[in-house]
Amino acid sequence: MCVTAVESRPAGVVLTPSPAGHQPFGVRVKAFVALTKPRIIELLLITTVPVMFLAEQGVPNLWLVLATCFGGYLSAGGANALNMYIDRDIDALMDRTSQRPLVTGTVTPRECLAFGIGLGVVSTLWFGLLVNWLSAWLSLGALLFYVVVYTMILKRRTAQNIVWGGIAGCLPVLIGWSAVTNSMSWAAIILFLVIFFWTPPHYWPLSMKVKDDYARAGVPMLPVLASNKVVAKQIVVYSWVMVAVSLLLTPLGYTGWFYTAVALLTGGWWLWEAHALLNRAKSEVTGAKLKEMRLFHWSITYVSLLFVAVAVDPFLR
């Protein structure tokens, strides 16, 4: 769930930022929107809304869906802005993050910090007053986990950063369920675990592609520290667990034949791609021929199709 824009400049060269106050109004607005990482939030909402359909076993209240989505955008946007504030030093060293607003100087660090905290406060109150307080605390927990546990503690210290840090990206599933029921369920926990085991094999192929960026910035992503073969083996292990967990919903009675069929077909294709990547890595294929981004792009399609099936299944039972 990452933006992979790359600027055409020598690696590691930091451009001199323009004063934020001298930027046109439209440029500044776009920069503040960019702080929220909208493309990442799109995927978070894809995992939130379908769970609301499953929890309702039909069409949930439209206002509740809109309120949950807007609150989720504010919360995730605040977390992403604070992530950029903390990581502005390494963002300046990485090609794929070189156009972020704090690196270019379109937004000042103080503005970014205030913006992120403000979104976090507003989103918590929004959820609490317009959805329910269980969803509010879950959204605040996701924000704090992403900012404190992942960004401040794990990211620069361990190759397991994306494994445990990915918990923040799993919480929208619980938020979607709690928004409808004001409670928890095994169905929500299973889908939480699907996203938990999905995150590493989703992100590691991208990390393989841009590992030089991470190495230059001193971020110990697994592909920086381990060979492609070791990373690919880990991807295969997590992939098998993810697919197995995704199939638990049906025997527990939460989903029917449609979800099961989609989970089997999409999961089967995922495993094919994961094993193909491992075979290429074992053969010591490198460069473009490794085709690691095939799995990264499929991972986005997979989670989208799986959660669409979560939303559609109640209507076909």
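The structure under discussion appears in the preceding block.
Residues numbered from 1 in each chain as written. Predicted model: local features only at pLDDT ≥ 70, side-chain atom pairs only at ≥ 80, totals over all residues. Heavy atoms only, no water.

Peer 1: I'd like a description of a nonpolar patch on the surface, backed by residues and values.
Peer 2: On the surface, Leu62, Trp63, Leu66, Ile117, Val121, Leu125, Leu129, Leu130, Trp133 and Trp137 cluster together to form a nonpolar patch covering roughly 1,100 Å² of accessible area. Secondary structure elements with two or more residues in the nonpolar patch: helix H3 (62–86), helix H6 (109–130) and helix H7 (133–154). Top element by residues in the nonpolar patch is H6. It accounts for 5 residues. Positionally, Leu129 belongs in helix H6. (Patch = residues over 30% accessible without salt bridge, like charges linked within 9 Å, V, L, I, M, F, W, Y side chains within 5 Å. Areas by Shrake-Rupley, 256 points an atom, 1.4 Å probe, with all protein chains shown as cover. Salt bridge = Lys/Arg side-chain N within 4 Å of Asp/Glu carboxyl O. Helix = DSSP H or I, 4+ residues; strand = E, 2+ residues; numbered from the N terminus.)

Peer 1: Report on the environment of Leu252, specifying residues and quantitative values.
Peer 2: Looking at where Leu252 falls in the secondary structure, it is placed in the loop between helix H13 (228–246) and helix H14 (257–282). A sequence separation of 65 residues divides Leu252 from Ala187, and the C-alpha atoms of the two residues are 8.4 Å apart.

Peer 1: Please provide a residue-by-residue account of the packing of aromatic side chains, values included.
Peer 2: Tallying each qualifying case throughout the model produces 12 aromatic pairs. Summarising the aromatic geometry, the rings of Trp164 and Phe196 are spaced 5.6 Å apart at their centres and angled 50° between planes, so their arrangement reads as tilted. Placement of Trp164 in helix H8 (residues 161–165) and of Phe196 in helix H10 (residues 186–209) is noted, with a sequence separation of 32 residues between them. Classification of Phe196 as buried rests on a relative accessible area of 10%. Taking 6.3 Å as the distance between ring centres and 45° as the angle between the ring planes, the aromatic pair formed by Phe197 and Tyr238 counts as tilted. Linking Phe197 in helix H10 with Tyr238 in helix H13, this pair joins segments that are 41 residues apart in sequence. Taken together, the ring pairs in this structure connect Trp164, Phe196, Phe197, Trp204 and Tyr238 into an aromatic cluster. (Phe/Tyr/Trp six-rings, centres within 6.5 Å; stacked < 30°, edge-to-face > 60°. Buried < 20%, exposed > 50% of the residue type's maximum accessible area, 1.4 Å probe, protein only.)

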